[in-house]
Amino acid sequence: MNENYDGQFIKDWAPLQKEEKNAETTSGVTVSYWQDVLRRLRQNKLAVGSIFVIAMILLASAFGPMLTGKAYETQQLALRNMPPRIEIQTAKDGTNFFVHPDLRVFLAEENGYVTEELKPVSAKLADKQFIYEYNGKTYYLVFSAEGTRLLDENQEPLPESKTVWNKNYLLGTDSIGRDMLTRLLYGGRISLMVAFIVTICTLVIGVLYGGIAGYSGNNTDIFMMRVVEILMAIPSVIYIILLMVYFGQGVFNILIAMVITSWLAMAQLVRGQVLSLKEQEFILAAKCAGVSPIKIILRHLLPNSIGPIIVFATLSIPAAIATEAFMSFIGLGVRPPMPSWGILSNEGIGAIRSSPYQILLPSIAISLTMFAFNFLGDGLRDALDPRLRK
Amino acid sequence: MSAEKLLEVNHLRTSFFTFTGEVQAVRNISFSLMHGEIVGIVGESGSGKSVACLSVIRLLQDPGKIVGGEILFNGEDVLGMSKVELRKLRNNQIGMVFQEPMTSLNPTIRVGTQIVERIQSFNKGISKKQAREKAEKLLEIVKIPEARRQLDAYPWEMSGGMRQRVMFAIAIACDPKLLIADEPTTALDVTIQNQILKLIRNLRHETNASIILITHDLGVVAETCERVIVMYGGMIMEEGLVDEIFYETAHPYTIGLKKSIPDINNFGGDRLFSIAGSPPSLLDPPKGCPFCARCDKAMQVCLEHCPPYFQLSETHRSMCWLLDPEMPEQLGKGGP
Amino acid sequence: MSQQNFIEVKNLKKYFGGGGIIKKKPFVKAVDDISFSITRGETFGLVGESGCGKSTAARTIIRLYHPTSGSVIFDGTDIAKLSEKELKPYRRRIQMIFQDPYASLDPRMTVQHIVAEPLTTLNISARSENEERVAQCLRMVGLEPGHMEKYPHEFSGGQRQRIGIARALITQPDFIICDEPISALDVSIQAQVVNMLQSLQEQLGLTYFFIAHDLAMVKYISKRMGVMYVGQLVEVSPSEELYRAPLHPYTIGLMRAIPIADPRLAKLKQEVSIEGEIPSPFNPPSGCRFSPRCPHAMEICREISPVLKEVSPNHFVACHLF
């Protein structure tokens, strides 16, 4: 620039024409608000991962139950409490056995497909033995403090054994022989459906209520908010419990009960947003143009508050999942045999020592889903309002 | 030579690295400040005046970075200082006053406590009682009535003008060599602004600090400053004594600024003079003179090459091709 | 009076507060009995410092706030008393330009929607015509119609202000209230906007009510001016006379406080400044509101609030000195 000036170039003293000057410009890049938001969201690896996980969970819940080929309520008592991973022992003649920790013996195929139970022929309880016969051979099931072993007729352990996935029931079965996988996926459908519907209703009711309260101001606002605050004074779980005791169990009932209590916080949030925007000049300009109050709320106030509303809605999904799970867990939610993750947790508690997978699976499902939505909500919050970062 | 200069800035360049690209906020400015003088930096939004002063005391926030140049404060290299030395510099030798007094003061802490905090930051040994006495004296210097009682006031109990006086009190607490005031009166009413400008003039006599006054208002500059620097598009367009800038103006931008202000003495039925267009984009700065696109005397050379500084007197320089002695006579007098 | 007053404001008051369920909240007398008139086609300027109530006055006149009492007679009809429904036909004749170019445009709407909004709500033209009318207005304010699809954040402050002006023009109003339209703009842009407002006035025969705190600019653009102090009008007169011979002590102090962009004149200016702080509208002083700061205050000033009266032709002052 200046310091490079050494008079070595030719200076053209001709006056500049107006067109060459290009004085009136706008900023170059046209980036709309949402494009900017998406860009910031994409940078957040955790949020992107969460979107992926949520998509997987949604797909699995939506289509999974149809693909497993089993119904969530069919019971196969013989095959109850089957874990997802089983140890197959193969005898000399190629017969595969599966020894259940409950001291039952099953016939199986090598890949892990359990076919039927083998009933003992006789028992010698003093020696801690059960005796089985199959295909002309005798087998002894010996149980002791060290463990349960299946021995062949010579009282020797079977030659081969390996641990494979249960092919028949990929995630095992529960205490009355229902397929855990199908129940888990179907339960996901129920839990997620409840969570989404509750969130959408919360959105609609809360936004309308908060919007009207915030915009009206004065005594209307004071009255409407006092109602909200009084209702919020009692924890919502208590309301839900009372309502469910009155309504009885059922998906529809739990939906209603949760919707009745969950819109309160959203209404407060929306009211706050509307209050802060209400005196902005573009709202005044709309009033000067004669726009009616409802249109001002819908056309101007809400689109400009949508950031915090979306974040709040996203973060209330995991809360709804947890609430539904809790209610079903204590027996006041969805009615069995319809599964939900809470019901599965309830059923799995009893077998926590012997078949821990029965409680682990729904717990992991709940945790994973809640984590994913929480991370997504955090990511959305950062993306929608960069001022909150750092 | 350098011992007389309090501040020397050479070829300072500062940019903001955003996702859309590098915004060159300050593009190669050089100026110096002597002890005990008031210099005004005039410019509009986007001219780089605030960024320049923040760079000088290295208070830039991400994504801003000083990209090049040299800053000497009392002969010491500021850019090479460690964090500890910098803090010592800012604590003991420099005071800053910003535009919005409400956000500069902590609303939950009493005013007196905030001043005492400042005093204790550079004078570790002082007792609380002595610090409080000093705080009261400071409030008296800035002409706050009932100083002792106001020590216990909260910022929100005070008006905008009084808060700004408190900011000045905090700024001069350490008896700084340099006081930077970034648009201190822009948010204030005219009568209050008048009071604050009077305060600034008095402070100079009472404390012997050098003052940099950043503003967009030429009237403020005319009343308060001895020297003026005019910035535009990240560069210094013209620099000189206040009389030279106002009466021997040597740059089309400065002339345009002066003409844009309606003269309260005259009554025009005609249009106000206005400079067409808007400030240039600093993302993709023009390679020639930054003011070229809006200048009514622009020439081809202005578009292609950025002009050097032409010295009109020992204290007066301007960056404009119209001052080039090589310019042909028929284009008008050798000047804007 | 040969020319009928187009707009006449009489004893307009706007108080806030006073509500509350348990305990009555104190009143804030933001606008306390102001009266003035504007003839058709002229520009009336209003100046004052913060808290004087000039913005509140503007918003009350355009019925963004409901007046506490008083009347606003617009072309013969008192619009202060009309209901929202009755007010609708007047909404297209009175429009407003706002101060903050960054807050006066909805950031989520395109320029076209923003400018066309008054058309759609007031059912002035068919939807198909809207685009053409928006383009016309944008051209009038010096912007390219091609920018219609852009969002406000893509424009500079001066350009946004012009979009706001285009929005005010689209209903072809008779009267535009300008609430500090240039305060938030850079000096070089201020002149552009003021010039544009003046040419639009000549072209379209508009009447302006121009509010600002920059005395020089208001004096330049207005034929007549009023000075407000803590909710009251203290002086009203033709602009030139107000500068040449201000009568009210506050106006005199205000004039002297303006920084002059001329170093020699600045040195000559007397170092007389108004001391003290501007009183808060919550608790205005009794009697004349300027009395605590007035160098000429007398006993009567602290007791009785002076009334605006005509001291010389068309020059009104509210001061016990007269």
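Above this text is the structure in question.
Residues numbered from 1 in each chain as written. Chains lettered and ligands numbered in written order. Predicted model: local features only at pLDDT ≥ 70, side-chain atom pairs only at ≥ 80, totals over all residues.

Draft legend 1. Region of the structure containing the overall build of chain C. Of regular secondary structure, chain C possesses 11 helices and 12 strands. On the principal axes, the C-alpha backbone points of chain C span a range of 65 × 55 × 45 Å. Residues counted as buried form 49% of the 322 residues belonging to chain C. For chain C, the share of sequence-separated contacts (at least 6 apart) that also reach a separation of at least 24 residues comes to 64%. (Helix = DSSP H or I, 4+ residues; strand = E, 2+ residues; numbered from the N terminus. Buried ≥ 20, exposed ≤ 12 C-beta atoms within 10 Å, placed from the backbone. Contact = placed C-beta atoms within 7 Å.)

Draft legend 2. Looking closely at the environment of phenylalanine 223 of chain A. Along the chain, phenylalanine 223 of chain A falls in helix 5 (residues 218-232). Given 12 C-beta atoms within a 10 Å radius, phenylalanine 223 of chain A is considered exposed.

Draft legend 3. Broad picture of the sheet that holds strand 2 (residues 96-100) of chain A. All names here are of chain A. Pairing is antiparallel across the open sheet formed by five strands, whose spatial order is 4-3-2-1-9. At either margin of the open sheet sits one strand with a lone partner, and together these are strand 4 (114-118) and strand 9 (160-165). Each strand of the sheet is rotated relative to its neighbour by a mean of 35°, with strand direction disregarded. Where strand 1 (residues 85-90) lies against strand 2, three bridges are found, and the strand directions are antiparallel. By the bridge assignment for strand 2, glutamine 89 is matched with phenylalanine 97. (Pairing = 2+ DSSP bridges. Axes fitted to C-alpha atoms, helices over the stretch in contact; angles between N-to-C directions.)

Draft legend 4. Structural view of unusual backbone geometry. Omega for the peptide link from proline 336 of chain A to proline 337 of chain A comes to 5°, which places this bond in the cis form. Mapped onto the elements, proline 337 of chain A comes out in the loop between helix 9 (293-329) and helix 10 (341-349). Within the chain, valine 230 of chain C stands out as a residue other than glycine whose phi angle is a positive 45°. Topologically, valine 230 of chain C is positioned in the loop between strand 9 (224-229) and strand 10 (232-238). Overall, the presence of 22 C-beta atoms within 10 Å leaves valine 230 of chain C in the buried class.

Draft legend 5. Broad picture of the interface of chain C and chain B. Each side of the interface is counted separately: chain C has 34 residues, and chain B has 36 residues. Considering every element that reaches the side of chain C that touches chain B, the biggest residue donor is helix 6 (residues 187-204) of chain C, with eight residues.

Draft legend 6. Representation of the pairing of strand 7 (residues 178-182) of chain B within the structure. Residue and element names in this part refer to chain B. Burial analysis of strand 7 places four of its five residues in the buried class, the great majority of the element. Looking at chain direction, strand 6 (residues 94-97) and strand 7 are connected through four bridges and run parallel. Bridge assignment links glycine 95 to a residue of strand 7, and that residue is leucine 179. The parallel pair strand 7 and strand 8 (residues 210-215), bridged by helix 8 (residues 190-207), forms a crossover whose chirality is right-handed. (Right-handed = clockwise from strand over helix to strand, strands pointing away.)

Draft legend 7. How the structure looks around the environment of phenylalanine 17 of chain B. All names here are of chain B. In this fold, phenylalanine 17 is placed in strand 1 (residues 5-18). Between the C-alpha atoms of phenylalanine 17 and lysine 65, which are 48 residues apart in sequence, the distance is 7.8 Å. With near-sequence residues (within four places) excluded, phenylalanine 17 lies in contact with Glu22, Pro63 and Lys65.

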